[in-house]
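Listed below, chain by chain, are the residues.
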Amino acid sequence: MAAKTCSIPFTGTAEQEAKLKEVIASHKGDKGALMPVLQQAQEIYGYLPIEVQTIIATEMDIPLEKIYGVVTFYSQFSLNPKGKYTISVCLGTACYVKGSGDIFDELSAKLGISGGETTPDGKFSLVDCRCIGACGLAPVLTVNDDVYGRLTVDDLDGILEKYQD
Amino acid sequence: MDMVNIKINGMDYEAPKGTTVLEAARLANVEIPTLCFLKDINEIGACRICIVEVSEKRGEAMGPKRMIASCVYPISEGMHIYTNTPKVIESRKKTLELILSNHDRKCLSCVRSGNCELQKLCKDMGVDVESRYDGEKTSFELDTSAAHMVRDNNKCILCRRCVAVCSKVQGIGVIGANERGFKTNIACAFEDDLANTSCVSCGQCIAVCPVGALYEKDSTDEIFNAIADESKTVVVQTAPAVRAALGEAFGYPIGTDVEGKMAAALRRIGFDKVFDTDFGADLTIMEEAHEFLDRVKNGGKLPMITSCSPGWIKYCEHYFPDMTENLSTCKSPMQMFGATVKTYYAEKIGVKPEDIVVVAVMPCTAKKFEIGRDDQNAAGVADVDYSITTRELARMIERSGIKFNELPDEKFDDPLGISTGAGVIFGATGGVMEAALRTAVETLTGEELKSVEFSEVRGTDGIKEASYDVAGMTVKVAVVSGLANAREVLKKVESGEADYQFIEIMGCPGGCVNGGGQPQQPGWVRNTVDIKALRAKVLYDIDSDMPIRKSHENPAIKKVYEEYFGEPGSEKAHHILHTSYVKRGLYN
């Protein structure tokens, strides 16, 4: 087994780290401070990679595993930075019965990432979502604010093509 | 104490206010089955095996029957508790069937077959179909990265006992629940290998695991092969605490001394020499007492902290790297023993060290890590070749077809089987300190001790302190077991709040008798019996019956110094019996 860490290099700055330490200091001695600290850390960095979690573990004297357990429990926390384009595949009931599961798997294979991850070049993130209210177009995916409906797996290359800038 | 009136299965009882339903039932001699529950350690009401029906007073009337988890639910005045209704039994059975639905049911080849808590509960609750809910199964890669153990999450039932013992009792917390729902699994941060974390290999997680998800790496096949190899001289040594617990694997009550049968069994398995780590313990005391006196006289680093427990050593290296100079440079008794066998004894019997195989039977899993450390190879080959747990020895005895309970009591072989009462108490918290004091005080005063028993450092408390006036000098000592306790004491030493000269630290709570390699006792025994105290009593009883109770009076020890090492702390002794440490730190 290898550690499941983010493949995108960490680019945190000294300012971000100082800000995070300030946040931690402001919660010193508070019981249950981990959640607000994690939320604010995610605001500062956009995500919670091992480097950020290690700072929190060291500063708050909490085992790294405990932090990782909390981060992976709540869907509000992300281990990966958001890509330039977030591809969100609807896995709600209507889309799912129309084959959005296959769409999701195909995208995952094409991009070489699992759900919740970002491609190493920082371009695409892949997530799943529940109903976006476009069931008539099922199966549906969105790329940032663009909506694509009535999809088949054959449409995917064409869609990805549009976001090569 | 305020008492509360309750009814259990129609019978009237009284129990102290604030008691849980589980505890109140236990006081009434009604045993409610549990699975995730560990008293004071894991009280989370997660597994729902301890479910019972209760009806509580609502004004004058009784409320409806409700299902509650008895391990976390407090009793109330007038409560009616039903522990064996069809509804309760059906609920427990269903819970077990649901656990089984995502459990790797390879029971026949499971290391815990025969002493699995899940298996016993299934039998007790009449689970007759293993695959009633055969749905999706999660599949996990085994974590075999660590030197001492394997994690097989396909067998894990998510009771979180291992998580609780690691974080609360040991203060380490390198394992925990990751993800959620169906994907929940117990592992390390970022799903990293256990070997890459600050795990200290204490094995307390294995000791509390109710199923076969956690187990030591087994070396029994290699040892049988070494014994079968005629070109090898295979020497075995057994740690003090093993004799106090091995009997449990053969049906003896907790706290039975099986030293004689153990020696007999080892001989019948086929070891060429059956020696005793107690000799190594006596040797350790000679070196460690000398080192302590030397540090006191010559302004060395104080407090000096004992170095027998490899779990503690690794903890110090990870969590208190700046205090590794405080660690005694003495190798552990197991390593001193191995080093002595491959140097002194090898010369004596005229066998090359590489043709000697030293097997150590230990109550410990961290010893498996220790044998592979650097600077543990006095003769140019590993001091100890295999370190096996008490459980592995039990397996070897069974596999050899030896009727353990019918064996005669036999003695260890000479000369490295000769030991003292000081050596045998090494297996309990306070034992190393007491043994060291017996020798250090007599060395310092030049007079014979009136009483060799230092009762202040005995007992199973996690932190003990004492102060002794020795030859006009006050010696402040602390005795600590369990690593969360160690952290507490070391923080005080770091801050200057405590000014001890000598500290004994053992990684496991209660010391080696409660080590991670000892026979597993199920939750319902752990929750009701002080296992470590019963096992420790075995060692103190052996000590009080020994003719020689001070390490420096061991004739075999005197001889090995005369013939080989010279004086304690000599250059030769340093080369063979001492070691060095690594500053590991955290998250590197």
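What counts, and at which threshold
- Residues numbered from 1 in each chain as written.
- Chains lettered and ligands numbered in written order.
- Predicted model: local features only at pLDDT ≥ 70, side-chain atom pairs only at ≥ 80, totals over all residues.
- Helix = DSSP H or I, 4+ residues; strand = E, 2+ residues; numbered from the N terminus.
- Rg over C-alpha atoms; globule rule 2.2 N^0.38 Å.
- Buried ≥ 20, exposed ≤ 12 C-beta atoms within 10 Å, placed from the backbone.
- Contact = placed C-beta atoms within 7 Å.
- Core = buried A, V, L, I, M, F, W, Y, C linked by C-beta atoms within 7 Å.
- Domains from an automatic or database assignment.
- Nonpolar A, V, L, I, M, F, W, Y, C, P; charged D, E, K, R; others polar.
- Pairing = 2+ DSSP bridges.
- Axes fitted to C-alpha atoms, helices over the stretch in contact; angles between N-to-C directions.

Here we look at the overall build of chain B
In step 1: Helix and strand counts for chain B stand at 19 helices and 19 strands.
In step 2: Computed over C-alpha atoms, the radius of gyration of chain B comes to 25 Å, within 12% of the 25 Å expected from 2.2 N^0.38 for 588 residues, which places it in the range of a compact globule.
In step 3: Taking all 588 residues of chain B together, the buried fraction comes to 51%.
In step 4: Long-range pairs, those at least 24 residues apart, make up 75% of the contacts in chain B between residues at least 6 apart in sequence.

A few points about unusual backbone geometry
In step 1: Cis geometry marks the peptide bond from Leu302(B) to Pro303(B), where omega comes out at -5°.
In step 2: Cis peptide bonds are those with omega within 30 degrees of zero, and the linkage from Asp414(B) to Pro415(B) qualifies with 0°.
In step 3: Counting through the fold element by element, Pro415(B) comes out in the loop between α12 (390-399) and α13 (421-424).
In step 4: The residue Asp61(A) is not glycine, and still its phi comes out positive at about 55°.
In step 5: Position of Asp61(A) relative to the elements: it lies in the loop between α3 (50-60) and α4 (64-73).
In step 6: Unusually for a residue other than glycine, Glu191(B) sits at a positive phi of about 55°.
In step 7: With respect to the helices and strands, the residue Glu191(B) is situated in the loop between β10 (185-187) and α5 (204-208).
In step 8: Using a count of 19 C-beta atoms within 10 Å as the deciding quantity, one classes Glu191(B) as partly exposed.

Describing the nonpolar core
What tends to happen in soluble globular proteins is that the nonpolar side chains get buried as a cluster.
In step 1: Residues Cys162(B) and Leu539(B) are the most contacted members of the largest nonpolar core, which totals 194 residues.
In step 2: With 8 residues, the top contributor of residues to this core is helix α10 (residues 333-349) of chain B.
In step 3: Excluding residues within four positions of it along the chain, Cys162(B) makes contact with Ile175(B), Ile186(B), Cys205(B), Val208(B), Cys209(B) and Leu214(B).
In step 4: Counting residues in hydrophobic clusters, the runner-up holds 17 residues, among them Cys90(A), Leu107(A), Leu126(A) and Ala138(A).

Some points on the domain arrangement of chain B
Residue and element names in this part refer to chain B.
In step 1: Assigned domains within chain B: domain 1 (3-84), domain 2 (104-216) and domain 3 (232-577).
In step 2: With centres defined by C-alpha atoms, the gap from domain 1 to domain 3 works out at 43 Å.
In step 3: At the interface, 6 residues of domain 1 touch 4 residues of domain 3.
In step 4: For the side of domain 1 that touches domain 3, the residue count by class is 3 nonpolar, 1 polar and 2 charged.

Points about the interface of chain B and chain A
In step 1: On the side of chain A, 16 residues touch chain B, which itself brings 19 residues to the contact.
In step 2: Broken down by element, the side of chain B that touches chain A gets its largest block of residues, 3 residues, from strand β9 (residues 176-178) of chain B.
In step 3: Partitioned by chemical class, the residues of the side of chain B that touches chain A number 7 nonpolar, 5 polar and 7 charged.

Structural notes on the sheet that holds strand β2 (residues 124-129) of chain A
Residues and elements named next belong to chain A.
In step 1: Pairing is mixed in the open sheet, where 4 strands are placed in the order β2-β1-β3-β4. Both edges of this open sheet fall to β2 and β4 (146-148), since each of them pairs with a single strand only. When strand polarity is set aside, the average angle formed by the axes of neighbouring strands in this sheet is 20°.
In step 2: Sheet topology note: the strand β1 (residues 85-90)/strand β3 (residues 141-143) ladder contains 3 bridges and is antiparallel. Bridged to Ser88 within β3 is Thr142.
In step 3: On top of the sheet, helix α6 (residues 100-111) reaches β1, β2 and β3; it is set at about 150° to β1, its chief contact.

Some thoughts on helix α7 (residues 259-269) of chain B
In step 1: Extensive coverage of α7(B) is indicated by the burial of 8 of its 11 residues.
In step 2: Gly270(B) lies just past α7(B) and shows a positive phi near 120°.

Let's talk about the environment of Ala382(B)
Residues and elements named next belong to chain B.
In step 1: Here Ala382 is to be found in the loop between α11 (366-370) and β16 (386-389).
In step 2: Taking C-alpha positions, Ala382 is 8.9 Å from Val358, a pair spaced 24 residues apart along the chain.
In step 3: If sequence neighbours within four positions are ignored, Ala382 has contacts with Ile371, Gln376 and Asn377.

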